[in-house]
There are 2 protein chains.
Amino acid sequence: MDIKQKFGLKIKELRKLRGLSQEKLANLAEIDRTYLPTIEKGERNVSIEIIERLAIALGVKIKDLFDE
Amino acid sequence: MDIKQKFGLKIKELRKLRGLSQEKLANLAEIDRTYLPTIEKGERNVSIEIIERLAIALGVKIKDLFDE
């Protein structure tokens with residue numbers, strides 16, 4: 001599993017823990033609602049700014065998105 | 001200071017701790033040697049794959065690049 005896939009799974013896990021739909025999280029993070037599913041599938045080489053927006057939207061620190 | 005600037009400073013700090021030149025770190029991370037200085041200056045919206053390569057080259061985990 002590469003880093004994009006690991007990151008996507010972490011986003012999906014935290015999103016579900018918070019009871020958020022993909023559309024709701026996309027809105028909170030101000031990213032396109034068609035972009036989030038591809039991030040969760042590990043298909044996107046996301047940028048540090050997108051990573052930060054997802055962390056803020058999920059209420060965690062960036063480092064928490066990279067916990068093993 | 002935005003996330004790109006914070007990240008750049010962290011890379012610079014760890015690079016110096018390890019006694020590496022910018023050119024040496026760029027070689028280790030397999031990124032262009034003209035790209036690394038702009039990352040350290042906080043001018044680049046780096047991707048998760050570049051972040052991973054820098055972490056590996058510096059011998060740390062990705063989360064260590066986002067410690068406060």
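The rules we used
Residues numbered from 1 in each chain as written. Chains lettered and ligands numbered in written order. Predicted model: local features only at pLDDT ≥ 70, side-chain atom pairs only at ≥ 80, totals over all residues. Heavy atoms only, no water. Helix = DSSP H or I, 4+ residues; strand = E, 2+ residues; numbered from the N terminus. Contact = heavy atoms within 4.5 Å. Salt bridge = Lys/Arg side-chain N within 4 Å of Asp/Glu carboxyl O. Buried < 20%, exposed > 50% of the residue type's maximum accessible area, 1.4 Å probe, protein only. Phe/Tyr/Trp six-rings, centres within 6.5 Å; stacked < 30°, edge-to-face > 60°.

With an unreviewed UniProt entry as reference, chain A is termed DNA-binding XRE family transcriptional regulator, source organism Flavobacterium endophyticum.

Draft legend 1. Region of interest: the side chain of Ser47 of chain B. Tracing the backbone shows Ser47 of chain B in the loop between helix H3 (35-40) and helix H4 (48-58). Ignoring sequence-local partners within four residues, the contact set of Ser47 of chain B consists of Asn45, Val46 and Ser47 of chain A.

Draft legend 2. How the structure looks around the pattern of salt bridges. Taken as a whole, this structure holds six salt bridges over all chains when the rule is applied. Here Lys4 of chain A and Glu49 of chain B are joined by a salt bridge, their closest N and O atoms 3.2 Å apart. Taken as a pair, Lys4 of chain A in helix H1 (residues 3-17) and Glu49 of chain B in helix H4 lie in two separate chains rather than in one. On the accessibility criterion, Lys4 of chain A (18% relative accessible area) is buried. Overall, Glu49 of chain B belongs to the partly exposed group, its relative accessible area being 28%. Two residues, Glu40 of chain B and Arg15 of chain B, come together in a salt bridge whose shortest N-O distance is 2.6 Å. Of the two residues, Glu40 of chain B is situated in helix H3 and Arg15 of chain B in helix H1 (residues 3-17); the sequence distance between them amounts to 25 residues. Its relative accessible area of 6% is what places Glu40 of chain B among the buried residues.

Draft legend 3. Examining the packing of aromatic side chains more closely. Counting across every chain of the model gives three aromatic pairs over all chains. Residues Phe66 of chain A and Phe66 of chain B carry aromatic rings whose centres are separated by 6.0 Å and whose planes lie at 10° to one another, so their mutual orientation is stacked. A residue pair is termed interchain when its members come from two chains, as with Phe66 of chain A in the segment after helix H4 (48-58) and Phe66 of chain B in the segment after H4. Across the pair, Phe66 of chain B and Phe66 of chain A agree in class, each one buried. A network of ring pairs unites the aromatic residues Phe7 and Phe66 of chain A together with Phe7 and Phe66 of chain B as a single cluster.

Draft legend 4. Expanded view of unusual backbone geometry. Backbone geometry at Glu30 of chain A places phi at a positive 55°, although glycine is not the residue there. Checked against the element boundaries, Glu30 of chain A lands in the loop between helix H2 (22-29) and helix H3 (35-40).

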